[in-house]
Amino acid sequence: MKKTMLETVDLVKYFDTKNGIVHAVDHVNLSIPEGETLGVVGESGCGKSTLGRCILNLIPATSGQILFDGKNILERGGKSKDFRQKMQIIFQDPYSSLDPRQTVFNLIAEPLKTNRMGTKAEMREKVEAIMDTVGLAPRLATAYPHELDGGRRQRIGVARALVMDPKFVVCDEPVSALDVSIQAQILNLMMDVQEERGITYMFITHDLSVVKHISHAIAVMYLGEVVELAPKEELFAHPRHPYTKALLSAVPIPDPARRTMERQLIKGEVTSPVDPAPGCRFAPRCPYATPECLSPSLGMTEVGPNHQIRCCHPLD
Amino acid sequence: MQTKAKTKKQKNHGAAYDIWRSLRSNKVAVVSMVIIGIFVLISILADVLFDYETQVIAQDIMNDLQSPSKEHWFGTDSLGRDYFARMLYATRITLIISFSSVFIATALSIVIGGISAYFGGIVDTIIMRILDVFLAVPSTLLIICIVVALGNETVYIILALVVYLLPSLVRTVRSELMINMENEYVEAARSVGAGPFRIMLIHLLPNSFGAIMVRCTMSFALCILSTACIGYLGIGVRAPAPEWGRMLSEAQEYMRLHPYLITIPGFFIMIASTAFNLLGDALQDAMDPRLRGYRKMKKKVFARRKK
Amino acid sequence: MWRYILKRLLWLIPIILGVTLLVFALMSLKPGDPGRVYLGLNATQEAVDAYNESLGLNDPFFVRYFNYVKGLIKLDFGKSWVGGESVNDRIMSALPQTLKVCVYALVVAFITGLPIGILSAVKQYSLADRVLTIIAMILACIPVFWLCNMAAMLFTLKLHWLPATGLDTWKAYIMPVIGTAANTIGLTVRMSRSSMLDEMRKDYIRTARAKGAKEGSVIFKHALRNSLISVTTTLGVNFSILMGGTVFVENVYAIQGLGTCIVRSISNNDVPMLSGCVIILATFSVIVNLLVDLLYAYLDPRLRAKYVGKKKVAKARKEALNDAN
Amino acid sequence: MENKLLELKDVRVKYHTLDYDVMAVNGVSLELNKGESLGLVGETGAGKTTLALSILGLLPKGVGEVYEGEIIFKGEDLLQVPEKRMRDIRGMHISMIFQDPMTSLNPVYTVGDQIAEVLQLHGNKHPDERVDEILGLVGIDPSRKVCYPHQFSGGMKQRIVIAMALACEPDLLLADEPTTALDVTIQAQVLAMIDDIQKKLGTSMILITHDLGVVAETCDKVAIMYAGEIVEYGTLHQVFDKTRPHHPYTVGLFGSIPDLSSDKRRLEPIYGMTPDPSDLPEGCYFSPRCNHCTELCKQKGAAIHVSEDGHMLKCHLFTQENKEAAE
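The rules behind these values
- Residues numbered from 1 in each chain as written.
- Chains lettered and ligands numbered in written order.
- Predicted model: local features only at pLDDT ≥ 70, side-chain atom pairs only at ≥ 80, totals over all residues.
- Heavy atoms only, no water.
- Contact = heavy atoms within 4.5 Å.
- Buried area = accessible area lost by both parts, 1.4 Å probe.
- Salt bridge = Lys/Arg side-chain N within 4 Å of Asp/Glu carboxyl O.
- Domains from an automatic or database assignment.
- Polar contact = N/O pair within 3.5 Å; in protein donor to acceptor, adjacent residues only side chain to side chain.
- Helix = DSSP H or I, 4+ residues; strand = E, 2+ residues; numbered from the N terminus.
- Buried < 20%, exposed > 50% of the residue type's maximum accessible area, 1.4 Å probe, protein only.
- 1 Å grid on protein atoms, 1.4 Å probe; cavity = no way out; pocket = protein on both sides within 12 Å on 5 of 7 lines; lining within 4 Å.
- Points joined across faces, edges and corners; volume = space filled by probe spheres on them.
- Nonpolar A, V, L, I, M, F, W, Y, C, P; charged D, E, K, R; others polar.

What to know about the interface of chain C and chain D
Tallying the contact residues gives 20 residues for chain C and 26 residues for chain D. A combined buried area of about 2200 Å² lies between chain C and chain D, and 59% of that area is made up of carbon and sulfur atoms. On the chain C side of the contact with chain D, Arg206, Lys211 and Pro301 of chain C bury the most area, a combined 29% of that side's loss. At the junction of chain C with chain D, the criterion picks out two salt bridges.

Listed below in structure tokens is the structure:
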């Protein structure tokens, strides 16, 4: 049994807005073993990005605990530089996440500079080493991001996250903005790095095929809640939550032979995360919904080894 | 074609170089920069060409209201002072007042706007509401009130102009910073532990600098106009110092017979403020990536349309 | 909608109070001796002091401010320091002249500025566009008092076409109105041009073209309506600029409006008169700005859309844009 | 062939910018029959959108230009017809759906008015009934036609855009990444709806996308674009059949997508990046990234190779010239 790198206990983030309380992250319990990848999937507005930012304390959580290596980082106010250095993030947009006025070297060295790690020579050495790891030519050190293409920019993003030798990296849709051929390069890079350094990833994405490719376990989110949590093979082979099932069948598969297969489309669109009604949040769109779905006592139930769902009508 | 593309890839200049290149290729920008350059030169050389005590403020009633001649290029005013010398010194005074006001106002607005944008919430609301009050008074009247209340020392005129410029500059700084704060790189910097000062100085200000410079350049024009306005009302720079607005109002009496006496200073005011505004415009175009290089493209478009 | 209007109306109160405090505070900084001015150099010091006392000048600042505001609520601006004339009467007789010129000027500015700006945007890159934008810039930068003087020199002294002073005939309005409007025309051209260009770049314009709409319809039906909405927002700022401009225009053409009043009270050191005029003009500018905001809300169906989070940024951007013009 | 609806012959498009010309489309030839749907697949900068805009004649004026080729639609060369005729064709015979539904509707008109506009432009004086009908067809309650665009969600807006495009029952629909901005479940709904309506109305479609999955679900024919060229073209089954020979780029594309149905741990991406269209490489545009690159590839672009059943490939691997050189 591997040791748990990161665990969230009843993590909650509510946003107070004029229209009501947005339940962005609602009682999320997750744990990620060391060296593995947890994929978090969901559609836009399901709170997956907020979850990632809460874990890194970029957004203060409303309540709950975040245990990193067994210690609750929220207790120390999350200001401790220890955690900052060991937990990093890779952002989605390789265009807006890089300051256009900084050179590639400065961008990658920024974490070292802000944390005053080492002398100038040491920094240079580190940056050069990491540029080599992510496949950026040394001559690019003086370039500005606008001179580079999306793939190289995202390599900078990866390098910036890795330069501090983190234990845990939140990847917030790191390949969504890239073309498929570039996307594959970056995914390979991230998996290589994981194997070499034993980094733990939390991989946030809306793309099910990507998440299947890179993750060990997968959490499916809907309107702020985790509705299904299972090992990858289990989830794709036997989805038990109706939403997961619908999500899987909605993904277009590049295989003409599968085209004739009947698809199970769900009706309607994601409802608002503002002051949601008690009970199952998927119920309004769910083909199996019954009145008991609206009972407020719905929690996660174990339906198999490491397989949990939040549903009163699990599929077979 | 290939060599071109190669040179394009070789240069690693920052954004400043691109802006300069774009400005240089813009005729209007070049003309306005030349005009501004001449005005600056005039105000530096004023001392060399004319002596302030004897030629600019000393009265010579015997030679009043002479028409332009070789000796007096712009003629003389009603007190027999050389109009050309006075115009040159007036340029210097206007530019000094404008520069100091713009400089002080910009520095202050970066501090206030920065506080407002970074802290947001109640601090932001209070600052914005106070600025709303200042903006509610028509700007000319605001300057008049301040100068009337404090007196027309040069320092007070500068103060009045600073108060006048501040609200809109603060708003520009604030909105620019807020727009840039939406960018993910700010969050990226926070995620590696950068504090507010580092984010402000290293990331936000350099990225907002361009837009602030545009407003600064345009503020020069506003200052030149406003200095002339209060001068015209007789509450500007103290007599006998020459000042465009005041010279114009003094010349009003004689405009029937000596129309050039009001034409010349008005023309100077107009040229100076237009030049600064056009430069600001060009700067804005140069910084807009959508428009970068639009001048050359325009030529091509024309060439094709003719075909 | 009604709640929004009510909210905006209530917001007028603190703004106007703020303006009065600002003006009053500034004026109380001014060293002045109204007793001496009123009674003349020959009066005894005692008489002067007594006169000043009767004006309440020796009270502490906040007492004086409180009294002043109390007067304002009853629409009483106090008495002039020169001649003791009621400021109210003076303002009431001067205000209509100023407002008339300002409103006409605003109308003229929009009627001329808008079409020119649109033309310039539609013919972007053409010679006409370049010439028009530079002319607009010069117009926006021209000193009002100079323009008025030059116009008077040409049309009155040389050509004898237009009367030099007053507002007695329709002809007399021509020069003051155009003089006041000049800056605003320039600004309107620039504003409508840039907003039109912005709209022309948007995706829905491409959609309209893909529908098979004529170029004219694309411009006038789709782009124009959107850009009009953003030009509307500058009406308020422009009105404020016009009000500042009247000070000079009225002075040159000897129109008995608030501007002339202000200039006279500056030279007379007449604090109550100056404060009264400034407060009245500022109040009108605030009210016009309010009306413009309401008009904007009425025109733009998106206003009631709640952009959560982004709204503030959008607003800040809008305000900065307004200031830039 | 009476059945032929659209034919592109060696279409070339370039954009003029500051210092250089951008060669966006470099010799595209295509045929499309009535009722067929063609998937145009490629990465960013491959020239897909440019091609669609050239068909509609909507390239930015003075900047983009079709400098060679013919676009024949129902026997008419669209590059030669006057602007007035082109306006009749747009919306009536060919219509287009753009990628971003958020910005492609005019914010100040109700959606009903915007749909009615396209009908009025093409001669329908009383469009109300048709507006209701078409809204019903795309799954929106006709009573919502008095709402403004901002009152709809992204998926709903895209439905409205589709309704607008289909209002006049055009012969050809150009759909430029119609579902890229949408979530998967919504994407599935919208794709199913497009499929459904297309069958009902008999409309031909060119679907532009970067997602091979979407193509597999909706199209009959597939064209793979790379650097402004069509490198492979055939029926869906030809292109997706892994046992057939393919263009190396197509192979790379398929190797790059993580597949839901397989368990490969490592992807086989294409190395390098798409060429800058202002600075295209000599010879075959794909040669710098290609595993099978030969000297010949670096010197000249390949001729088109068409197999007996109509599967077209543009690669030296399959040309006579290469075989001769090898010998």
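Quick word on the domain arrangement of chain A
Residue and element names in this part refer to chain A. Looking at chain A, the domain boundaries give domain 1 (4–86 + 166–309) and domain 2 (95–165). Measuring from the centre of the C-alpha atoms in domain 1 to the corresponding centre in domain 2 gives 29 Å. On the side of domain 2, 15 residues touch domain 1, which itself brings 14 residues to the contact. Each partner contributes to the roughly 1300 Å² buried at the junction of domain 1 and domain 2, and carbon and sulfur atoms together form 63% of this total. Summed over the shared surface of domain 1 and domain 2, the number is one salt bridge. A salt bridge links aspartate 165 to arginine 197; the shortest N-O distance between them is 3.4 Å. On inspection of domain 1 and its partner domain 2, the count reaches three residue pairs in polar contact (both at pLDDT 80 or more). Of all the secondary-structure elements, those providing two or more residues to the side of domain 1 that touches domain 2 are α2 (81–86) and α6 (180–197).

Some remarks on helix α9 (residues 248–256) of chain D
The buried fraction of α9 of chain D amounts to eight of the nine residues, a majority that puts the element mostly inside the structure. Of all the positions in α9 of chain D, only Pro248, Tyr249, Thr250, Gly252, Leu253, Phe254, Gly255 and Ser256 of chain D are classed as buried. Its buried side turned inward, α9 of chain D meets α6 of chain A together with β3 (37–41), α7 (212–218), β9 (221–226), β10 (229–235) and α8 (236–240) of chain D.

Side note on the interface of chain B and chain C
Each partner contributes residues to the interface: chain B has 58 residues there, and chain C has 55 residues. Carbon and sulfur atoms supply 73% of the area buried between chain B and chain C, which totals about 5200 Å² over both sides. On inspection of chain B and its partner chain C, the count reaches one salt bridge. Across the pair arginine 190 of chain C and aspartate 281 of chain B runs a salt bridge whose closest N-O atoms are separated by 2.8 Å. Those elements giving two or more residues to the side of chain B that touches chain C turn out to be α3 (27–49), α6 (121–136), α7 (139–150), α8 (154–181), α10 (196–232), α12 (260–287) and α13 (294–306) of chain B. For the side of chain B that touches chain C, the leading source of residues is α12 of chain B, giving eleven residues.

Let's talk about empty space enclosed by the protein
Tallying each qualifying case throughout the model produces eleven cavities of 30 Å³ or more. By volume, the largest cavity amounts to about 80 Å³. Along its surface, the largest cavity is lined by Thr207, Ala210 and Lys211 of chain C together with Gly91, Ser95, Met96, Val118, Val161, Met164 and Ala165 of chain D. Listing elements by their share of the lining of the largest cavity, those giving two or more residues are α9 (203–210) of chain C together with β6 (94–97) and α5 (154–166) of chain D. A per-element tally of the lining of the largest cavity places α5 of chain D first, with three residues. Classifying every residue of the lining of the largest cavity by side-chain character gives six nonpolar, three polar and one charged.

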